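One-letter residues, chain by chain:
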Amino acid sequence: MKKPEERQSGLQESRRKAVQSQSVNLTVNIGEPNIYFILFSLYLTRSVPLRYNDLFPKGSLAKRAARETLQTSSEHHHSYFYFDNVEDAPSTTYQAAEQVAENEADGDSDTKPSTTASERHISIQTKLKGLEMLADLDGAGRKSCPLCPEEKFKACYSHKLRRHLQNLHWKVYVELQGQRMCICHLPCRNLKPSLSGDQVSGRHVAHYHCVVCSVTIARKTDMISHLKRHINKGETEASYSGSSDVPFEEPAAPSGHAYEIMKELGTNVQLLPNHTTPQKSDTYFNRKMKSNRQLVFCSLAVLTEERNPLECLDAFGATGIMGLQWAKHLRNAIKVTITDISDTCVKMIKENCKLNHIRVDGCPRGPRGPDSEVEGVPIATVEVAKMDANVILHLRAFDYIHLDPYGTAVNYLDAAFRNVRNLGIISVTSTDTSSLYAKSPNVTLRHYGCHIVRTEYYREVAARMVVATVARAAGRCNKGIEVLLAVALEHFVLVVVRVLRGPTQADESAKKLRKLVHCQWCEERLFLKQGNMVDDTLPCNCHGSLPGKTAVQLGPLWSGPLFNTGFLRKMLSAAVQHSMDDIQPLVKTLICESECTTLKSFVHGPSALTNQVECGVVIKTLQSGEELGPADQSGKRKTGEESGSVVKKLKSDVSLEHPPFYYSIHRHSIRGMNMPKLNKFLQYLTEAGFRVSRTHFDPTGVRTDATLLKFKSVLTKYSVPTYTNATATQKSVSTETTT
């Protein structure tokens, strides 16, 4: 076995032979080799590695002569010599070594070329002329396709090649901001090696070249998903620096990303390009949640009238628009805290504060200009913190807490009820509609501890299920709840509750959690009474007339009222005060629904009653500057005695809770019969002695205390057979023909 000294001398001898084999005339003077060495393989010949400092001693004349010789002959021999230090190597040699390394990296990667390519791939074009210019269709003779190999598409004449480019490459493409990534059949992607290490024989797969990162992807759907990921990250600028027919223009943002400015309720917020993708964007913003934000704002505005200043928390800030709206409109009445767990969100919230001239608590106060302060009103201050919602809810106490996570909010309810102050308000927004609307019953049972099925009143079931979960979370902290508002609109469920401290209040709330018996055949429903005896008898006769059991138990659900009429009236006043025209019809409908009647009086001021028709319902509203006087549904004046009876009736109805659930008039329509108009049908039910109102849960729903059997009897009584009109028209036609 050779000793280390012999191996070292053998290595030096091999280096000398390698130098002699190259056509470089140098005077070689070998000195003592260094202990360490950094060697690179020869790029062309893959021969023995050479080290420049091992061949020439430091400071020798031979080394200087070798550098001059390498400088003059670097075109052929620079890739055979490598150096310890960059300053020892000639500039052309060092640049060539970098080029060699880049070429080898490109050769090893089959799907990801270097993202610093100097120019785009030929398959990325903006116009068809670009492809035709590559093929040189104006010239004579046969031409080859620039995007197909010779074995796939043989050379042909110009007219045939033009059709090939138009019908294949130009039509099969993926587009991003005017740049077409046409399909490419060139061997840009290396074939995958087999288990033995050899490449598998086969044809090259057609693919697309990404305009952003130059990656090659075979499937069109995969390329579209790949581009969406770039857009979500804000990477929409091409990696090449060559000329482009359609340049990428993006506005510059303080955070380094492109953004757009959106204004809502007088508050400006900047949005990233990926603000509509909640799972891939921290700063998620949904324009459809405008009604949700306005309802939450009105509930907070009502609480500020009761006491102030309030400490409010927006636990999931995202862009911070909700907290900024609170601070901008309510000013000194509240102290707003906005938190989020994402660094990107925190930076975005602070930038949006500057955009709205709102000072961030802890930051130095800037100079006040004419736009930074409204005359007579001080600048609002907002506290922005990077913190998990559960952590801040355990650390501090708040008067108003809003929870709006992505999906369910059950993970944050315990922490919210732990530190909320007495008579404070908690608003919860749930967007997990798949579990709320009985599409994923396993998830529903896991998150909410309820068993539900799909019913005609599934939206109200979802609202009562969320309230029941909130009540159980409050009970664990020896607190009760009073439901102020429960709304199910579009893709969210909003629940606003007032917190009542004490075990007695917790027991009262727990008593309102009951099981619901639901008939799957006729959709009749009934809450079970309290006690150990199970009473599953429904008013319908489906169990006796049909074989087997038709009823199922759902829940436990909240069996109490879902609305507080007095609170809703104050919310309507706040909506009018802050010019929220979008939700005023919704709040009016909720007030009608809360008392289950079609006649309501809305207190807006100290004076008169005027009629307003909203969704077919006559509404009495008080307006200033007019004389106080009673008005009926027809708009005529009533006497004092009649008006007094109306007020007494309204006061008596206030104490009554609205009946649970509603019936859909379309679900229970009779085949072959024309139903009456919905407003007419409400009048018929009222004349029959039932309490009725429309519901926001379903535009065709009717909330009433009538049973399903009586509901159907009234509907049948006032429905007209469809053939009556046809018979009448036939008679008229026959009379005309006879005359």
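These lines cover the structure that appears in this document, whether it is placed above or below. (Residues numbered from 1 in each chain as written. Predicted model: local features only at pLDDT ≥ 70, side-chain atom pairs only at ≥ 80, totals over all residues. Heavy atoms only, no water.)

### Some points on the overall build of the protein chain
What the protein chain contains, in helices and strands, is 24 helices and 26 strands. Counting the 739 residues in the protein chain, one finds 46% classified as buried. Residue pairs in contact within the protein chain that sit at least 24 positions apart in sequence constitute 61% of those at least 6 positions apart. Carbon and sulfur atoms provide 51% of the accessible area of the protein chain, an area that totals close to 38,600 Å². (Helix = DSSP H or I, 4+ residues; strand = E, 2+ residues; numbered from the N terminus. Buried < 20%, exposed > 50% of the residue type's maximum accessible area, 1.4 Å probe, protein only. Contact = heavy atoms within 4.5 Å. Areas by Shrake-Rupley, 256 points an atom, 1.4 Å probe, with all protein chains shown as cover.)

### Re the packing of helix α22 (residues 678-687) against helix α23 (residues 708-717)
For the pair α22 and α23, the least separation of the axes is 10 Å and the interaxial angle reads 120 degrees. Here α23 runs oblique to α22, going by the angle between their axes. As α22 packs across α23, the resulting crossing turns out to be right-handed. In this structure, α22 contributes F681, Y684 and L685 to the contact, and α23 contributes F711, V714 and L715. Split by residue class, the contact of α22 with α23 holds six nonpolar, no polar and no charged. (Axes fitted to C-alpha atoms, helices over the stretch in contact; angles between N-to-C directions. Parallel < 35°, antiparallel > 145°, perpendicular 65-115°, else oblique. Left-handed = near helix turned anticlockwise from the far one by under 90°. Nonpolar A, V, L, I, M, F, W, Y, C, P; charged D, E, K, R; others polar.)

### A look at the state of the cysteines
Two cysteines form a disulfide when their sulfur atoms are joined by a covalent bond. On inspection of all chains with the given rule, the structure shows zero disulfides. C156 carries a free sulfur, and the closest cysteine sulfur to it, the one in C145, is 8.3 Å from it. Classification of C156 as buried rests on a relative accessible area of 6%. The thiol of C182 is not disulfide-bonded; the next cysteine sulfur, from C184, is found 9.6 Å away. A relative accessible area of 0% means that C182 is categorised as buried. (Disulfide = S-S within 2.5 Å.)

### Re the sheet that holds strand β18 (residues 551-558)
Overall, antiparallel pairing links the three strands, which are arranged β17-β16-β18 in an open sheet. The open sheet is flanked by β17 (525-527) and β18, the only strands paired with a single partner. Direction aside, neighbouring strands of the sheet carry axes that sit 25 degrees apart on average. (Pairing = 2+ DSSP bridges.)

### Description of the environment of A155
Within the secondary structure, A155 sits in the loop between α6 (128-135) and α7 (158-169). Considering only alpha carbons, one finds A155 and G141, 14 residues apart in sequence, at a separation of 9.2 Å. Setting aside residues no more than four positions away along its own chain, A155 makes contact with R142, K143, S144 and E150.

### Focus on the nonpolar core
W326, F417 and I481 are the most contacted members of the largest nonpolar core, which totals 110 residues. For this core, the element with the highest residue contribution is helix α16 (residues 458-476), accounting for 12 residues. Residue contacts for W326: discarding those within four places in its chain leaves V296, F297, L300, C312, L313, D314, R331, I334, V336, Y400 and H402. (Core = buried A, V, L, I, M, F, W, Y, C linked by side-chain atoms within 4.5 Å.)

### Remarks on the sheet that holds strand β24 (residues 692-694)
Strands sit in the order β22-β25-β24 across an open sheet of three strands; the sheet is antiparallel. At either margin of the open sheet sits one strand with a lone partner, and together these are β22 (663-664) and β24. Bridge count for β22 against strand β25 (residues 701-704) is two bridges, and the pairing is antiparallel. Bridged to Y663 within β25 is V702. The strands touched by α22 are β24 and β25; relative to β24, the strand with the most contacts, the crossing angle is about 160 degrees.

### Topic: the pattern of salt bridges
Under the defined criterion, the tally for this structure stands at 20 salt bridges. Between R162 and E132 there is a salt bridge, and its shortest N-O distance comes to 3.7 Å. Separated by 30 residues along the polypeptide, R162 in helix α7 and E132 in helix α6 bring together distant segments of the chain. With relative accessibility at 29%, the residue R162 sits in the partly exposed group. Residue E132 is classed as buried on the basis of its relative accessible area of 19%. Residue D582 pairs with K290 through a salt bridge whose shortest N-O separation is 2.9 Å. On the criterion of sequence distance, the pair formed by D582 in the loop between α19 (565-577) and α20 (584-595) and K290 in helix α9 (residues 290-306) is long-range, its members being 292 residues apart. Judged by its relative accessible area of 52%, D582 falls in the exposed class. Where salt bridges share partners, they join R307, E311, E383, R396, D399 and R421 into one cluster. (Salt bridge = Lys/Arg side-chain N within 4 Å of Asp/Glu carboxyl O.)

### Some details on the pairing of strand β16 (residues 513-519)
Taken together, the six bridges between β16 and β18 define a ladder with antiparallel strand orientation. Within the sheet, the bridge partner assigned to L513 lies in β18 and is W558. Summarising the sheet, β16 and β17 pair through three bridges and their orientation is antiparallel. The partner of L516 across the bridge, within β17, is F527. Linkage of β16 to β17, two consecutive antiparallel strands, is achieved through a turn of five residues, within which E523 is found at a positive phi near 70 degrees.

### A short note on the packing of aromatic side chains
Scanning all chains against the criterion turns up nine aromatic pairs. Geometrically, the ring pair formed by F316 and Y412 is edge-to-face, given 4.9 Å between the ring centres and 80 degrees between the ring planes. Highlighted residues: F316 in the loop between β8 (310-314) and α10 (321-330) and Y412 in the loop between β12 (398-403) and α13 (413-419), separated in sequence by 96 residues. With a relative accessible area of 23%, F316 lands in the partly exposed category. Looking at Y412, the relative accessible area reads 16%, which means it is buried. Ring geometry for Y437 and Y458: centres 5.1 Å apart, planes at 80 degrees, overall edge-to-face. Placement of Y437 in the loop between α14 (433-436) and α15 (441-448) and of Y458 in helix α16 is noted, with a sequence separation of 21 residues between them. For the pair Y437 and Y458, one class covers both residues: buried. (Phe/Tyr/Trp six-rings, centres within 6.5 Å; stacked < 30°, edge-to-face > 60°.)

### What to know about α7
Between its first and last C-alpha atoms α7 spans 15 Å; for 12 residues at 1.5 Å apiece the expected length is 16 Å, and the two agree. Regarding α7, the residues found buried are S158, L161, H164, L165 and H169. Considered in projection along α7, the buried side chains sweep an arc of 120 degrees and stay on one side of the axis. Those residues of α7 hidden inside the fold are in contact with α6 and β3 (179-182). (Expected span 1.5 Å × (residues − 1). Arc of directions from axis to C-beta.)

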